[in-house]
Amino acid sequence: MRTIPIPCLSDNYAYLIVDEETGQAGIVDPSEAEPVERVVQQEGVKLTAILNTHHHWDHIGGNKGLLAKHPGLSVYGHTSDSGRIDGFTDGLDMGGGLTLGSLKFDVLHNPGHTMGAITFVVNGCAFTGDTLFAAGCGRVFEGTMEMMYKSLNEVLGGLPDDTKLYFGHEYTENNLRFAEHVEPDNADVQQRLAEVRKVRAAGKFTTPSTLAKERKTNPFLRCEAAGVKAKGGGGSPAQVFGAIRGMKDRFRGTPSRRLRCGVRAPSPGAPLLSSGSPPSRQRSDP
Ligand SMILES: [Zn+2]
């Protein structure tokens, strides 16, 4: 099995998964058809499936274009997203699976970012969409904080340490700046931030990560660590998670700084996500 990250839009990743035994390939979260099609042609593989981790436009935007070029593609997503994913053919849920050539995928349901968010797991690799990022996690748009906490810490957190994590956006540097803000004394965070800055300065990707790395540096998987707990105001790990997630929504580089010209920034204390464009058009977690 080979996995090829394909940068799309401004900071999304689609992933081409190639089964080298059969030459069949599947694409995870094609934001756009064109860059994906280019890689499919370069690699000389037969695209047979689209694997959508959730329904957001920047993860399914290329479905229609790819279906036009490759009629008959299987399009997988969570059962509840059947009406929200273009070309949807096969509904999946917790514990389900799919086959791509000789590859067998398991499916984990991890609601929170959206209610139908899923992760595809194959050969020690997990494709997490906007649920788990390197050093961060997606915004909680459709579920509850409690739900997202469980999805990250119990569902994805139940995978082995050496699981490779292929995430949906290149947010790693900013996520680590936030991680440093939460845990200024965490040497692993400082070291990773220095490494990531070098990687990004060289124009390279930070994907994939590993679960072991995330357990050391991702504040959303560290809600029981003393520093994170203190920063989050204490309480249960899920409460700490909710507090930290709220803090991240307001962290530098978040929507208040990215509003279009002529759009008034929300007044201090106002909920950032209460109005304006629907969640599907908002940033997943800047
Ligand atoms: Zn999303």
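Relevant structure appears above.
Residues numbered from 1 in each chain as written. Predicted model: local features only at pLDDT ≥ 70, side-chain atom pairs only at ≥ 80, totals over all residues.

A. Quick peek at the sheet that holds strand S8 (residues 103-109). Strands sit in the order S7-S8-S9-S10-S13-S14 across an open sheet of 6 strands; the sheet is mixed. Lying at the two open borders of the sheet, with one neighbouring strand each, are strand S7 (97-100) and strand S14 (209-210). Sheet topology places strand S10 (residues 125-129) next to strand S13 (residues 164-167); 4 bridges connect them, and they run parallel. By the bridge assignment for S13, Ala126 is matched with Leu165. (Pairing = 2+ DSSP bridges. Helix = DSSP H or I, 4+ residues; strand = E, 2+ residues; numbered from the N terminus.)

B. Structural view of helix H9 (residues 237-249). Over its 13 residues, H9 extends 18 Å from the first C-alpha to the last, a length consistent with the 18 Å expected when each residue adds 1.5 Å. Within the span of H9, buried status applies to Val240, Phe241, Gly242, Ile244, Arg245 and Lys248. Where H9 is buried, its residues meet helix H4 (145-155), helix H5 (172-182) and helix H8 (226-231). (Expected span 1.5 Å × (residues − 1). Buried ≥ 20, exposed ≤ 12 C-beta atoms within 10 Å, placed from the backbone. Contact = placed C-beta atoms within 7 Å.)

C. Just the sheet that holds strand S4 (residues 46-51), in detail. Ordered in space as S1-S2-S3-S4-S5-S6, the 6 strands form an open sheet in which the pairing is mixed. Looking along the sheet, the strands with just one partner apiece sit at the ends: strand S1 (2-8) and strand S6 (90-92). For this sheet, the mean inter-axis angle between neighbouring strands, taken without regard to orientation, is 25 degrees. Where S4 and strand S5 (residues 74-78) come together, 3 bridges link them in parallel fashion. Bridge pairing in S5 links Ile50 to Val75. (Axes fitted to C-alpha atoms, helices over the stretch in contact; angles between N-to-C directions.)

D. Region of interest: the packing of H4 against H9. Running from N to C, H4 and H9 cross one another at 105 degrees; their axes reach a closest spacing of 9 Å. Put simply, H4 runs roughly perpendicular to H9. Contacts between H4 and H9 involve Met145, Glu146 and Tyr149 from the first element and Pro237, Ala238, Phe241, Gly242 and Arg245 from the second. (Parallel < 35°, antiparallel > 145°, perpendicular 65-115°, else oblique.)

E. How the structure looks around the packing of H5 against helix H6 (residues 187-201). H6 packs onto H5 with a crossing angle of 160 degrees between their chain directions and a minimal axis gap of 9 Å. Taken together, the axes of H5 and H6 lie roughly antiparallel to each other. In this structure, H5 crosses over H6, and the sense of that crossing is left-handed. Side by side, H5 and H6 meet where Thr172, Glu173, Leu176, Ala179 and Glu180 of the first sit next to Val189, Gln190, Arg192, Leu193, Val196, Arg197 and Arg200 of the second. Of the residues assigned to the contact of H5 with H6, the class counts are 5 nonpolar, 2 polar and 5 charged. (Left-handed = near helix turned anticlockwise from the far one by under 90°. Nonpolar A, V, L, I, M, F, W, Y, C, P; charged D, E, K, R; others polar.)

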